[in-house]
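# Fold and geometry: a report
Here is how the chains run, residue by residue.
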Amino acid sequence: MLLVHTQKITPRLNYVFRHICTSILGVKVEFTSVIETFISHSGPKISYGKVAMGNELFFQSHGLLTEQGFEDVDVALSKWNTSVCFFPMSDKSALPFDIFAASFYLLSRYEEYLPHVKDELGRFPVSESLAFKGKFLEKPVVDLWAYELKKILLANFPDLEFTSNSFKFHHVVEAKRPFEFAHRGFLRNFFGYFRDLSKFRITRIFSRSRVLLKLRKDPFDTFTWMINSNKNTASALSVFFLLGEGMSFREDLNTKKDKFEALVKYVGDYNEVGLILSYHSLHDYDQLNNEKKQMEELTHRSLNSTMNDQFKVNLPNSYRDLLELEVNHDFTMLYENAFGFRAGTCTPFLFYDLDYEIKTPLLIHPMAGATSALKKLRESEAEMLLETMVSAVQMVNGTFSMLFSNKDFVSSKENHLWRFFFSEN
C-alpha cells in the first residue's frame, strides 16, 4: 500500500491517483492530510502538494486537482523521455511535471468542456485536441507516464508490490448495416437497382440478384467468419447493432424482421452484444430508453455496453444519460477520422463529471481508432501505424481496442489487412 499525503483530499485527486496507481500499476493507494499519520507510517509514502514537508519522496502540485469547475488552463508542451509532458514543476519535484494533473486533464476530457468549434455533426474534432496539436495522439501518454512513475517508486521503495495488468486485445465491431442486399425490403432494393443501373454497375446488379434469389450469402453477413476467427484467439469481442433510425436511408433496416433478430441472438450466444445509440436519439432520453428496452427484449439480457452513432459525445450530458439508463460501459472514446488515443490512455477509466465533481461508475473503454481512419492511408502505412501503436500498448500492458465494421471482413483484396489483423490477434 502507498500512502499519499496531501493538504486537501479532493474527488479529483482521489480519482486520478486511483487510475494511475491502482488501475494501471496495480498498487493500492490511501490518502491522509494528517502530518502525524504520514510521519508514523512505516511503509511506502509520498507527498503531493505545493512544497515538500521534509526529505520524503515529493511530487509538486500544479493546483488543478484542488480546483472546481473548468476554465481555460495554460498548457505548454515539452518533450520528456520518449513522449511529452505539460504542467512543468520545479527541480524539487520527483518528476519535472505534475503527472497527476496532466493525466486528469486528459482523462476528464477537460478540453471538451471548454469552448471549441464543433464539426458538422456537432462533435469535438480531433483538430481541436491537445494531443493532435502536440503530435502525441498516437501514444498512450497517461500509461507511459505511469510506468515512469513506477520506476521512481521502485527506486525508492524496492519492496513495493505491483500487480500490473496483462496486455490484451479487445476487438469491437460496428454492425450498423449487417446486410448489403438481404432483408432490406422491396423499396430499398428497388432504389438500389435503379441507382446501380444509372451508374452501369452491372456486377453489383448481378450480386444483388443472386442474394435476393438466395443463390449466395449476403456479402456483409460476415458474422460466422468473425465468430469462428475469434474462437482461435484470446481476444475479447464486442459486436454493436443499431436498432434506431439510421443516419441515412441506406443504413435503415427493419429490426423487427426475424432474420435480424436471429442474427443478434446468434452473435449474442458467443460474444457480447452491444447497442449503437442512434444519432437522432442522442438528445432524446426517452428514445434512448426505448432503444435500450428493445435490445434487452431481443437478447433477454441486461444491456451493459453502448456506443454513440457517429461517435458523437456531448459532455457531460451524453454520459449522464448512460448513467441514468444504467449502462455500465461506453465504447465511444475515439475519433472517426484519426487514429490515436482520444483520452491519452489505453486503460479503461471511469467517467469523471466535471460539473458535479464526482467519479461515476460508467467505465469508458478507449479505442485506438477505427478502420475508417486507416483506410485513408496506403496499406503499408496503415500496417506500420498499427504495429507501432500495438507495440506502445504492449509496453504498458494496456488494452488495444480497434473499431471494425462487419463490412471490413468481406473477402476481398482491399480487406486483407483487416481480416488478417482481426483473425491473428
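Our subject is the structure listed above.
Parameters at a glance
Counting restarts for each chain: residues are numbered from 1 in the order of the written sequence. Confidence filtering applies because this is a predicted model: local features only for residues at pLDDT of at least 70, side-chain atom pairs given and counted only at 80 or more, and all residues used for totals across whole chains, interfaces and linings. Based on all heavy atoms of the structure, the side-chain values leave hydrogens and waters out of the count. Exposure classes here rest on a 1.4 Å probe applied to the protein chains alone. A residue is buried below 20% of its type maximum, exposed above 50%, and partly exposed in between. Secondary structure follows DSSP: runs of H or I at least 4 residues long count as helices, runs of E at least 2 residues long count as strands, and numbering of each begins at the N terminus. A pair of strands is considered paired only if DSSP assigns at least 2 bridges between the two. Residues forming no salt bridge and having over 30% relative accessible area are the ones grouped into patches, like charges within 9 Å of each other and nonpolar side chains (Val, Leu, Ile, Met, Phe, Trp, Tyr) within 5 Å. All accessible-area figures derive from a Shrake-Rupley calculation using a 1.4 Å probe, and residue coverage is judged against the displayed protein chains alone. The term salt bridge refers to a side-chain nitrogen of Lys or Arg lying within 4 Å of a carboxyl oxygen of Asp or Glu. Two rings from Phe, Tyr or Trp (for Trp, the six-membered ring) form a pair when their centres are within 6.5 Å of each other. A pair whose planes differ by under 30 degrees is stacked, one over 60 is edge-to-face, and the rest are tilted. Whether a charge lies above a ring is judged from NZ of Lys or CZ of Arg, which has to be within 6 Å of the ring centre and within 35 degrees of the ring normal.

Moving on to the pairing of strand 8 (residues 236-242). Counting buried residues along strand 8, six of its seven residues qualify, which places the element largely inside the surrounding structure. Sheet topology note: the strand 7 (residues 168-175)/strand 8 ladder contains six bridges and is parallel. Residue pairing across strands places glutamate 174 opposite phenylalanine 240, the latter belonging to strand 8. Sheet topology places strand 8 next to strand 9 (residues 272-277); five bridges connect them, and they run parallel. Residue pairing for strand 9: serine 238 is matched across the bridge by glutamate 272.

Glancing now at a nonpolar patch on the surface. Residues Ile35, Ile39 and Met53 make up a contiguous nonpolar surface patch of about 280 Å² in total accessible area. Turning to its location among the elements, isoleucine 39 is positioned in helix 2 (residues 35-40).

Moving on: the packing of aromatic side chains. Throughout the structure, instances matching the rule amount to 31 aromatic pairs. Look at tyrosine 266 and tyrosine 270: their rings are 5.5 Å apart centre to centre, the planes differ by 70 degrees, and that puts the pair in the edge-to-face class. With centroids separated by 6.5 Å and ring planes inclined at 40 degrees, the aromatic side chains of phenylalanine 404 and phenylalanine 421 adopt a geometry described as tilted. Residue phenylalanine 404 is located in strand 15 (residues 399-405), and its partner phenylalanine 421 is located in helix 15 (residues 416-424); the two are separated by 17 residues in the primary sequence. You'll find phenylalanine 404 and phenylalanine 421 in the same group, each marked buried. One aromatic cluster in this structure is built from Phe167, Phe169, Trp225, Phe400, Phe404, Phe409, Phe421 and Phe422. The ring of phenylalanine 38 is capped by lysine 45, whose NZ or CZ atom sits 5.1 Å from the centre of that ring. Directly above the aromatic system of tryptophan 225 lies the positively charged group of arginine 419, at a separation of 4.4 Å from the ring centroid.

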